[in-house]
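What the coordinates show
Chain by chain, the residues:
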Amino acid sequence: MASENILEIENLYLNFYTYDGIVKALDGVNLSLKNGEVLGLVGETGCGKSVTSLSTLAMVITPGIIESGKIEFSMGKRKVDILNLRERDLLKIRGRNISMIFQEPRAALNPIYTVENQVTEVFLHHRKEELIKASLAELEDAAKKATGLKRSIYKFYISLYKGMLNNPKSLRLRFISKIPILKRFQNRMKKVARKDIVELLKVLRISDPERVVDMYPHELSGGMAQRVVIAMALACNPLLLIADEPTTNLDVTVQAQILQLIRELMKKFKSSILYVTHDLGVVAQVCDRVAVMYAGNVVEMGDVMTFFKKPLHPYAQSLLESIPRPNEEFVSIPGTVPSLVNPPTGCRFHDRCRYTLEICPRVKPKFVEVEKDHYVACHLYR
Amino acid sequence: MGLREYIIRRLLLLIPTMLGVVVLIFAVLQMIPPELRAVIYVTNPRQLQDIPNIVREYGLDRPVWEQFITYLTEVLHGNFGYSVYYRQPVLEGLLRRFPATVEIALLSSPFIIFFGIWLGTTAAVHRDKIPDHVSRVMSIVGTSLPSFLLGIVLIAIFVAQLRLTTVGRVTNIGTLLLRIKNGTYHEFTGFLLIDSLLNGDFLLFVDVVKHLILPMIVLVFIQSATMVRVTRSSMLEALGKTYIVAARAKGLSKKEVIYKHARRNALIPVITISGLLVGGMLGGLIITETVFNFPGVGSYAAQAAQSFDVSVVTAYAMFSAIIFVLANLIVDILYAYIDPRIRLG
Amino acid sequence: MSSKEEVKKSAKTPNLMVKELKFTLKKMRDTPLSLIGLSLVIFFLLICALAPVLAPPKWYDPFRIPSTGTYGREPEPPSAEHLFGTTSYQTDIFYGCIWGTIHAFRLGLVIVITSVVVGLALGLIAGYYGGIVDEILMRFTDIIFAFPSLILIMALVVALQTVTLPFTLTGYTRLDACIIGIVLVGWPGYTRLIRGEVLRVKTEDYVEAAKASGASDLRIIFKHILPNTIYPVIIVASLDFGTIVLLAAALSFLGLGAPGDYADWGQLIYHSMDWVSSGLRYWWTYTFPGLFIMLFCLGWNLLGDAFRDILDPLYRRK
């Protein structure tokens with residue numbers, strides 16, 4: 001059933017080369033995301049979930065280097081090997097086939113540009129042809145109705161837009177785009193884009209989108225900013241949406257709204273979502289399947305219902321036990337998250353696990369399918 | 001708050017700051033005994049013979065607040081006293097020498113700013129690679145090398161040894177002064193660069209430019225160190241922000257991300273520094289002018305200082321400070337205009 | 001381990017401070033630039049220590065350079081008798097450079113320590129107590145910042161010449177005036193720095209905790225606030241060392257600092273100006289003092305930069 005997976009990560013190893021030593025951030029991550037589902041990627045801070053999501057877009061910044069592994073993304077009938085793609089092709093995938101939304105929405109927006117400017121950016125980058133064609137249609141309409149000088153101007157613009165379609169790199173176009181007054185011909189495209197953006201913001205339940213579109217990021221509330229970021233991510237109908245803790249920094253009420261919105265949008269746009277979070281409650285609400293990460297490894301992956309009823313990995317079990325319940329004592333996992341410069345040998349959880357076997361410090365457990373669609377990396381299950 | 005309110009508020013703030021500057025200079029002057037201090041109120045040389053009269057007339061032995069009122073009034077009337085060393089009213093001397101300083105400062109500024117921004121951006125983008133190391137070396141050398149030393153070495157090589165140019169503003173100031181006297185050269189603005197062209201004297205223009213090169217080299221070398229450092233750290237900070245990651249996730253190329261997103265943001269504080277840099281230079285390049293014997297406002301004060309000419313030195317300090325405060329004001333307003341977070345409140 | 005023990009352990013014990021020092025030193029060893037800085041500073045310290053041996057003083061005031069000829073005689077090139085040659089007045093450049101080092105350190109220490117102490121005191125008060133004291137201090141520092149430093153110092157030096165000071169550090173009014181001038185222009189910088197740090201630290205939990213447990217203001221300031229605000233001061237002070245010596249040299253170069261035959265690098269360069277018109281012929285008159293100034297500043301700048309790089313992550317770790 002491999003072709004059902006829109007994303008497959010196999011044995012991903014990633015190291016950060018820092019002054020303090022080599023941080024072995026990802027230690028053979030295995031992950032699969034089915035078409036049309038929401039996969040929750042859970043783990044504590046520092047376990048590597050954000051790094052994993054960035055790797056999916058091949059956007060890990062230096063000093064991080066992907067040592068080995070495979071990330072396969074299915075675009076319709078084609079399968080793409082993300083890690084071996086040329087930069088040119090990656091640029092076409094990012095923002096269009098795979099997009100990302102972030103934890104701090106206002107930080108994800110450039111403070112000196114308006115909402116319109118930043119969302120238009122996505123349109124101009126990936127859906128330029130559509131915009132040009134729509135602008136052409138409008139211009140031809142206007143040219144028919146106009147006379148004299150106005151008509152000539154419209155005809156001139158039409159020729160420019162046609163040029164953009166056929167020969168975008170022509171010297172003539174590049175030259176005119178730099179001249180202050182002449183380059184206003186691009187405004188038609190921006191107007192068309194603006195209409196699309198306003199519609200998009202309406203879909204995202206932003207009230208008064210005409211006004212919001214002209215605002216700057218610092219004028220937006222957290223919830224509104226996050227909707228704008230989601231709008232940018234969904235502008236091109238991506239196949240895969242990576243959500244990196246999108247509701248962590250929002251008020252609880254806003255959080256609920258955004259989660260519901262995401263669920264609806266998912267159904268509407270038919271995207272798959274990789275939902276990175278540390279909040280098991282969110283996983284229960286939104287996700288179909290869940291993958292648990294610890295210290296650079298995915299230790300358990302499976303269906304959400306099954307996971308919550310019967311977690312297999314000791315870490316996952318402790319996680320679920322440590323959810324505070326009323327009238328019960330506070331349970332925590334003993335010890336602390338290990339340093340990834342000198343991680344524990346063998347299974348990285350062995351020094352905090354209550355079922356440690358003799359083999360655990362010696363050999364790293366393999367990630368195997370223990371029951372149908374339920375994977376664990378633990379020596380207890382052989 | 002809006003831009004207009006911000007500008008108004010900022011302009012209002014100007015008054016106490018200017019007042020503070022005057023108060024500080026006044027305080028410095030108060031350290032000097034009245035007889036020696038009297039020269040700051042003198043307007044013509046004859047009065048120098050009659051100091052006790054000045055002391056009485058301007059109340060230099062009265063209580064402090066009365067003295068301050070007198071001082072403030074005189075300053076606002078443009079009476080900055082008389083220079084014993086130069087034998088002229090101080091204000092006249094300052095204004096006469098100002099164009100020379102402006103020429104060096106304004107001519108060097110674009111080089112400093114553009115070079116600094118370019119190197120700083122490159123260093124930040126190619127962190128820990130060659131451009132970064134170059135920028136680091138530049139910064140360190142620029143802050144450790146005294147400008148007078150660089151000036152001396154350049155003079156020794158290019159003026160004395162190679163005889164490519166001379167110190168000063170023109171090769172032969174004597175002939176120029178003579179020409180002004182007998183009317184063959186007309187001073188329109190006081191800026192030699194402009195006036196020489198207006199007088200149709202291209203040779204003079206070239207001569208002036210030749211004399212500006214060495215001081216400019218010193219200035220550009222030393223000052224761009226600051227520019228590079230500020231641009232670099234500002235760029236690094238901008239590049240580390242989440243919106244850069246978000247922009248890349250949108251599929252924008254590295255170049256687009258650097259120039260459209262990171263640099264615009266990074267340049268905002270850089271503009272502030274540039275403004276302060278230019279303002280500081282306009283206030284006087286004391287050392288550079290002294291080394292190159294350049295007749296600007298800085299060397300005017302430096303020579304007077306050696307002879308303990310109180311009126312010149314204090315008036316010059318006030319002059320510099322006022323220019324710097326005005327530069328600050330312009331920069332603040334520019335900053336508020338550019339950064340929408342401030343513009344829209 | 002129970003939480004109480006963990007909290008105790010994270011408090012600053014003497015052992016922990018030694019550990020941090022060792023960590024700092026190790027970090028220094030790893031950065032070549034900081035090593036260069038450190039070696040330069042140590043080199044100059046050695047010169048200070050060996051000065052009486054390398055260049056035995058002839059006058060009562062060791063900072064007066066002995067001269068062997070009459071005024072106006074041409075500078076002599078480096079020779080066995082005058083290792084770095086001589087400059088105007090036949091003053092020995094080698095002697096000037098060696099004792100100039102001690103002079104530089106003396107200037108730096110006096111000025112930096114005074115500025116830091118004044119800045120610390122005022123900054124702590126302004127930051128901790130706030131209110132009108134803070135406001136007044138801030139306006140005052142604002143005004144001083146409106147002046148380019150060299151220019152204000154110049155005005156102060158000229159003004160101070162007319163005043164008779166009750167004490168003297170160097171024995172020369174002009175030089176003393178320079179020191180006072182630099183301090184007067186320097187303390188606002190430290191005040192601002194400390195005040196900013198105090199404001200940042202004031203709202204931290206351990207200060208609230210100390211207040212809640214009834215600690216007196218003085219105790220809080222010295223035991224909690226001061227140790228956590230001191231790092232930027234160390235960085236700025238070491239960077240300042242170089243800047244101050246450069247400033248003092250500039251003042252001497254302008255003729256406002258040390259007297260004619262004083263062992264001051266800036267003063268030596270002031271003399272060399274007379275001989276620059278002969279081109280590279282009298283190169284020793286400006287090369288040697290210039291090198292000393294440059295390397296001294298370089299050493300302290302590198303050291304300060306190293307401190308900044310090392311102390312910054314440590315600093316942020318808290």
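Fair warning: this is a prediction, and the values are worked out from it, not measured in the lab.

What follows is about the overall build of chain C. Along the backbone of chain C there are eleven helices and two strands. Its helices and strands taken in sequence order, chain C reads α-α-α-β-β-α-α-α-α-α-α-α-α from the N to the C terminus. Per-residue burial over chain C gives 45% buried out of 318 residues. A separation threshold of at least 6 residues defines the contact pool for chain C, and within that pool the share at least 24 residues apart is 72%.

On to the overall build of chain A. Helices and strands together make up the secondary structure of chain A, namely 13 helices and twelve strands. Along the three orthogonal principal directions, the C-alpha set of chain A runs to about 90 × 45 × 45 Å. Contacts in chain A between residues far apart in sequence, at least 24 positions, make up 66% of those at least 6 positions apart.

On to the pairing of strand 1 (residues 5–18) of chain A. All names here are of chain A. By the bridge criterion, eleven bridges tie strand 1 to strand 2 (residues 21–34) in an arrangement that is antiparallel. From the neighbouring strand, Asn 5 faces strand 2, where its bridge partner is Lys 34. Following strand 1, the chain reverses through two residues before pairing antiparallel with strand 2.

Facing the 43 residues of chain B at the interface are 41 residues of chain C. When contributions to the side of chain B that touches chain C are tallied by element, the ones reaching two or more residues are helix 1 (3–30), helix 6 (130–144), helix 7 (147–161), helix 13 (286–291), helix 14 (297–306) and helix 15 (310–338) of chain B. If you tally residues by element for the side of chain B that touches chain C, the top one is helix 15 of chain B, at nine residues. For the side of chain B that touches chain C, the per-class residue count stands at 31 nonpolar, twelve polar and no charged.

To continue, consider the packing of helix 5 (residues 90–125) of chain B against helix 14 of chain B. Residue and element names in this part refer to chain B. Closest axis-to-axis distance for the helix 5/helix 14 pair is 7 Å, and the angle between their directions is 130°. As judged from the angle between their axes, helix 5 and helix 14 are oblique. Facing helix 5, whose interface residues are Gly 93, Leu 94, Arg 97, Phe 98 and Thr 101, helix 14 presents Val 297, Gly 298 and Tyr 300.

Further remarks concern the nonpolar core. The tendency in soluble globular proteins is for nonpolar side chains to be buried as a group. Within the largest apolar cluster, 290 residues are counted, with the highest numbers of intra-cluster contacts made by Leu 274 and Val 299 of chain A, Ala 301 and Val 313 of chain B together with Met 154 of chain C. If you tally residues by element for this core, the top one is helix 10 (residues 202–239) of chain B, at 16 residues. Val 313 of chain B has contacts with Ala 301, Ala 304 and Ala 305 of chain B together with Met 154, Ala 155 and Val 158 of chain C, leaving out every residue within four places of it along the chain.

To continue, consider the environment of Arg 362 of chain A. Residues and elements named next belong to chain A. For Arg 362, the position within the fold is in the loop between helix 13 (314–321) and strand 11 (368–371). Take Arg 362: there are 12 C-beta atoms within 10 Å of it, and that puts it in the exposed class. For the pair Arg 362 and Val 192, spaced 170 residues apart in sequence, the C-alpha separation works out to 62 Å.

Right, let's talk about the interface of chain A and chain B for a bit. Listed by partner, the interface residues are 25 residues for chain A and 18 residues for chain B. Its residues assigned to classes, the side of chain A that touches chain B comprises 13 nonpolar, six polar and six charged.

What follows covers the confidence of the model for chain C. Residue and element names in this part refer to chain C. Averaged over every residue, the pLDDT of chain C is 81; residues scoring 70 or more account for 87%. Ranking the helices and strands of chain C by mean pLDDT puts helix 6 (residues 149–160) first, with 91, and helix 1 (residues 3–10) last, with 48. In the predicted structure, residues 1–13 sits below a pLDDT of 50 and forms two contacts with residues beyond four places in sequence or in another chain. Among the scores for the predicted complex, ipTM is 0.88 and pTM is 0.83.

Take helix 5 (residues 148–166) of chain A next. All names here are of chain A. Between its first and last C-alpha, helix 5 extends 27 Å over 19 residues, near the 27 Å set by a 1.5 Å rise per residue. Of the residues making up helix 5, those classed as buried are Tyr 154, Tyr 157, Leu 160, Tyr 161 and Met 164. End-on, the buried residues of helix 5 take up no more than an arc of 120°, which puts them together on one face. Of the exposed residues in helix 5, those oriented more than 90 degrees away from the buried face are Gly 148, Ser 152, Ser 159 and Asn 166. Those residues of helix 5 that are buried lie in contact with helix 4 (128–145), helix 6 (171–176) and helix 7 (187–203).

Let us now look at the sheet that holds strand 1 of chain A. Residue and element names in this part refer to chain A. As summarised here, the arrangement of the four strands in space is 2-1-4-5, forming an open sheet in which the pairing is antiparallel. Each edge of the sheet is formed by a strand with only one pairing partner; in this case those strands are strand 2 and strand 5 (78–81). On average, each strand axis in the sheet is tilted by 10° relative to the strand beside it, whichever way the strands run.

Here we take up the sheet that holds strand 9 (residues 289–294) of chain A. All names here are of chain A. On the basis of which strands lie adjacent, the open sheet formed by eight strands has the order 6-7-8-3-9-10-12-11 and mixed pairing. Strands with a single pairing partner mark the edges of an open sheet, and in this sheet they are strand 6 (98–101) and strand 11. Strand-to-strand twist in this sheet, taken as the mean axis angle between neighbours without regard to direction, amounts to 25°. In the sheet, strand 11 pairs with strand 12 (residues 374–376) via three bridges, with the strands oriented antiparallel. Residue pairing in the sheet places Glu 371 in a bridge with His 374 of strand 12.

This paragraph deals with helix 8 (residues 173–181) of chain B. Judged by how many residues are buried, helix 8 of chain B sits mostly at the surface: zero of nine residues are covered. Immediately downstream of helix 8 of chain B, the backbone of Gly 183 of chain B shows phi near 85°, a positive value.

Among the two pairs of chains in contact, the pair with the most contacts is chains B and C. Regarding chain A and chain C, which are not in contact, the minimum distance between any of their C-alpha atoms is 10 Å.

Next up on the list: the environment of Phe 94 of chain C. Residue and element names in this part refer to chain C. The topology assignment puts Phe 94 in helix 4 (residues 93–129). Classification of Phe 94 as partly exposed rests on a count of 19 C-beta atoms within 10 Å. Each C-alpha atom of the pair Phe 94 and Glu 81 lies 9.9 Å from the other, and the pair is 13 residues apart in sequence. In this structure, Phe 94 is in contact with Ala 55, His 82, Leu 83 and Phe 84, ignoring residues within four places of it in sequence.

If you check the backbone angles, Asp 373 of chain A has positive phi at about 55° while not being a glycine. If you trace the backbone, Asp 373 of chain A turns up in the loop between strand 11 and strand 12. Even without a glycine there, the phi angle at Asn 293 of chain B is positive, about 55°. Mapped onto the elements of the fold, Asn 293 of chain B is located in the loop between helix 13 and helix 14.

Our next topic: the packing of helix 4 of chain A against helix 7 of chain A. Residue and element names in this part refer to chain A. Helix 7 packs onto helix 4 with a crossing angle of 105° between their chain directions and a minimal axis gap of 9 Å. Taken as axis vectors, helix 4 and helix 7 run roughly perpendicular relative to one another. Taken together, the residues of helix 7 that come into contact with helix 4 (itself represented by Leu 131, Ile 132, Ala 134, Ser 135, Glu 138 and Leu 139) are Arg 188, Met 189, Val 192 and Ala 193. Partitioning the contact of helix 4 with helix 7 into residue classes produces seven nonpolar, one polar and two charged.

Reading the values: the criteria
- Residues numbered from 1 in each chain as written.
- Chains lettered and ligands numbered in written order.
- Predicted model: local features only at pLDDT ≥ 70, side-chain atom pairs only at ≥ 80, totals over all residues.
- Helix = DSSP H or I, 4+ residues; strand = E, 2+ residues; numbered from the N terminus.
- Buried ≥ 20, exposed ≤ 12 C-beta atoms within 10 Å, placed from the backbone.
- Contact = placed C-beta atoms within 7 Å.
- Pairing = 2+ DSSP bridges.
- Nonpolar A, V, L, I, M, F, W, Y, C, P; charged D, E, K, R; others polar.
- Axes fitted to C-alpha atoms, helices over the stretch in contact; angles between N-to-C directions.
- Parallel < 35°, antiparallel > 145°, perpendicular 65-115°, else oblique.
- Core = buried A, V, L, I, M, F, W, Y, C linked by C-beta atoms within 7 Å.
- pLDDT = per-residue confidence, 0-100.
- Expected span 1.5 Å × (residues − 1).
- Arc of directions from axis to C-beta.

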